[in-house]
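Okay, here's what each chain looks like letter by letter:
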Amino acid sequence: MERIEHRVSFDGWQDVFQHESKVLGCMMRFGVYLPPQVAYKRLPVLYWLSGLTCTEQNFITKAAVQRYAAEHGLIIVAPDTSPRGEEVADNEAYDLGQGAGFYVDATKIPWSNHYRMYTYVVEELPALIEENFSASQRRGISGHSMGGHGALVIALRNPGRYQSVSAFSPIVAPTQVPWGQKALAAYLGENQDTWKEYDAVELIRTAQERLPLLVDQGLSDEFLDNQLRPELLRSICREVGHPLTLNLRLGYDHSYYFISTYINEHIVHHAAALNR
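Residues numbered from 1 in each chain as written. Predicted model: local features only at pLDDT ≥ 70, side-chain atom pairs only at ≥ 80, totals over all residues. Heavy atoms only, no water.

### So, the overall build of the protein
Tallying secondary structure elements over the protein gives 10 helices and 9 strands in all. Counting only residues that meet the buried cut, the protein has 59% of its 276 residues in that class. In the protein, of all internal contacts separated by at least 6 residues, the share reaching a separation of at least 24 is 72%. Distance between charge centroids for the protein: 6 Å, based on 24 positive and 32 negative side chains. (Helix = DSSP H or I, 4+ residues; strand = E, 2+ residues; numbered from the N terminus. Buried < 20%, exposed > 50% of the residue type's maximum accessible area, 1.4 Å probe, protein only. Contact = heavy atoms within 4.5 Å. Lys, Arg positive; Asp, Glu negative; His and termini not counted. Charge placed at Lys NZ, Arg CZ, Asp CG, Glu CD.)

Pasting the structure below:
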């Protein structure tokens, strides 16, 4: 790994590292906030997955999370949203290709050569963090929009690996909305049965663990009705008895103004589970 940014923040350090990813076959970047408590003990880690068009920079510069991470003693790790580089397949659309990895393991050429963000987030990145930083194996996961989809799916598919999960404005049912249908068809092919492996609503039907879900959604979000569909998540959770806190926030949109307003509540949610 190579550290390429190093800034003090709330008596801890906001760093950015780059490393060669064996899973993705390219150079990757991630932000990591190390609160002051790392000087004397191992700390739990909250992984944050960002949305379409984002890099590792969006969350660490816009969410104002460092203050709360320092207060509660959480390491925050924010990876990029896709593989990058001239050799990595791309598309001119903003919602496919670089910046739009959708946290799946692609099986279709040309995407399958590099687009394995699911395995990167679940396996390679945590192994790197736990080997190189004062991090414990207690993990939480959260994210926004496409990243909220990723956080929910990853937690649901890996019972016992995460102690907490939350999301802002997640794509809860990608098999039923345009963003998800476009990405899943490109990355996985036309067999829609394989799409269900990356759909939180479908996964909740057979979930082996009832990990409580915390979701915040702005009611003035321009993508609410056609891409996000939180009512589908609420319906399936009620049907099977999966614990869900769904906060519908009047006036808030899809931006980081929304995230920065409520990020403290999410950090408290994760800290309660991770520091237990």
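### Observations regarding a nonpolar patch on the surface
A surface patch of nonpolar side chains, about 310 Å² in accessible area, is lined by L219, L248 and L250. Within the secondary structure layout, L250 lies in the loop between β9 (244–249) and α10 (256–274). Judged by relative accessible area, L250 falls into the exposed class, the value being 75%. (Patch = residues over 30% accessible without salt bridge, like charges linked within 9 Å, V, L, I, M, F, W, Y side chains within 5 Å. Areas by Shrake-Rupley, 256 points an atom, 1.4 Å probe, with all protein chains shown as cover. Salt bridge = Lys/Arg side-chain N within 4 Å of Asp/Glu carboxyl O.)

### Quick look at the pattern of salt bridges
One pass over the full model with this rule turns up 10 salt bridges. With a closest N to O distance of 2.6 Å, R229 and E231 form a salt bridge. Classification of R229 by relative accessible area gives partly exposed; the value is 21%. When its relative accessible area of 34% is taken as the criterion, E231 is described as partly exposed. Ionic pairing is found between R249 and E265, a salt bridge with its closest N-O pair at 2.9 Å. With a gap of 16 residues between them, R249 in strand β9 and E265 in helix α10 connect regions that are remote in the sequence. Residues joined by salt bridges that share partners form a network here, namely D216, R249 and E265.

### Things to note about the side chain of D105
If you trace the backbone, D105 turns up in the loop between β5 (75–79) and α3 (117–132). One polar contact links D105 to T119, side chain to side chain, over a distance of 2.5 Å. In this structure D105 touches Y115, R116, M117, Y118, T119, L188 and Y198, once residues within four positions along its chain are discounted. (Polar contact = N/O pair within 3.5 Å; in protein donor to acceptor, adjacent residues only side chain to side chain.)

### Some points on empty space enclosed by the protein
This model, assessed by the stated rule, comprises 1 cavity of 30 Å³ or more. Its boundaries defined by the atoms lining it, the largest cavity holds a volume of some 40 Å³. Grouping the amino acids of the lining of the largest cavity by side-chain chemistry returns 5 nonpolar, no polar and 1 charged. (1 Å grid on protein atoms, 1.4 Å probe; cavity = no way out; pocket = protein on both sides within 12 Å on 5 of 7 lines; lining within 4 Å. Points joined across faces, edges and corners; volume = space filled by probe spheres on them. Nonpolar A, V, L, I, M, F, W, Y, C, P; charged D, E, K, R; others polar.)

### With respect to the packing of aromatic side chains
Summed over the entire model, instances satisfying the criterion amount to 13 aromatic pairs. Relative to F59, the ring of W48 lies with its centre 4.0 Å away and its plane at 10°, an arrangement referred to as stacked. Here the residue W48 occupies a position in strand β4 (residues 43–49), and F59 occupies one in helix α1 (residues 57–62), the gap between them amounting to 11 residues. For W48, a relative accessible area of 1% gives the class buried. Their ring planes at 85° and their centres at 5.4 Å tell us that W111 and Y187 sit as a pair that is edge-to-face. Taken as a pair, W111 in the loop between β5 and α3 and Y187 in helix α5 (residues 178–188) lie far apart in primary sequence, 76 residues in all. Taking relative accessible area as the criterion, W111 reaches 8% and is therefore assigned buried. Through pairs of rings, three or more aromatic residues link up here, namely W48, F59, F168, Y252, F258 and Y262. Taking NZ or CZ as reference, R157 lies 4.3 Å from the ring centre of Y118, over its face. Here the basic side chain of R249 rests over the ring of Y262, its NZ or CZ set 3.8 Å away from the ring centre. (Phe/Tyr/Trp six-rings, centres within 6.5 Å; stacked < 30°, edge-to-face > 60°. Lys NZ or Arg CZ within 6 Å of the ring centre and 35° of its normal.)

### Looking at the state of the cysteines
Enumeration over the complete set of coordinates arrives at 0 disulfides. In this model C54 remains outside any disulfide bridge; the closest cysteine sulfur is found in C26, 17 Å from its own. (Disulfide = S-S within 2.5 Å.)

### Let's talk about the sheet that holds strand β8 (residues 213–218)
The 9 strands are arranged β1-β2-β3-β5-β4-β6-β7-β8-β9 in an open sheet whose pairing can be described as mixed. Each edge of the open sheet is held by one strand with a lone partner, namely β1 (2–9) and β9. Strand after strand, the sheet turns through a mean of 20° between neighbouring axes, direction not considered. Pairing of β8 with β9, which is carried by 6 bridges, proceeds in the parallel orientation. When the sheet's bridge partners are listed, G218 is paired in β9 with R249. The strands touched by helix α9 (residues 230–240) are β8 and β9; relative to β9, the strand with the most contacts, the crossing angle is about 150°. Sitting on the sheet, α10 touches β4, β5, β6 (135–143), β7 (164–168), β8 and β9, and the angle it makes with β7 is about 170°. (Pairing = 2+ DSSP bridges. Axes fitted to C-alpha atoms, helices over the stretch in contact; angles between N-to-C directions.)

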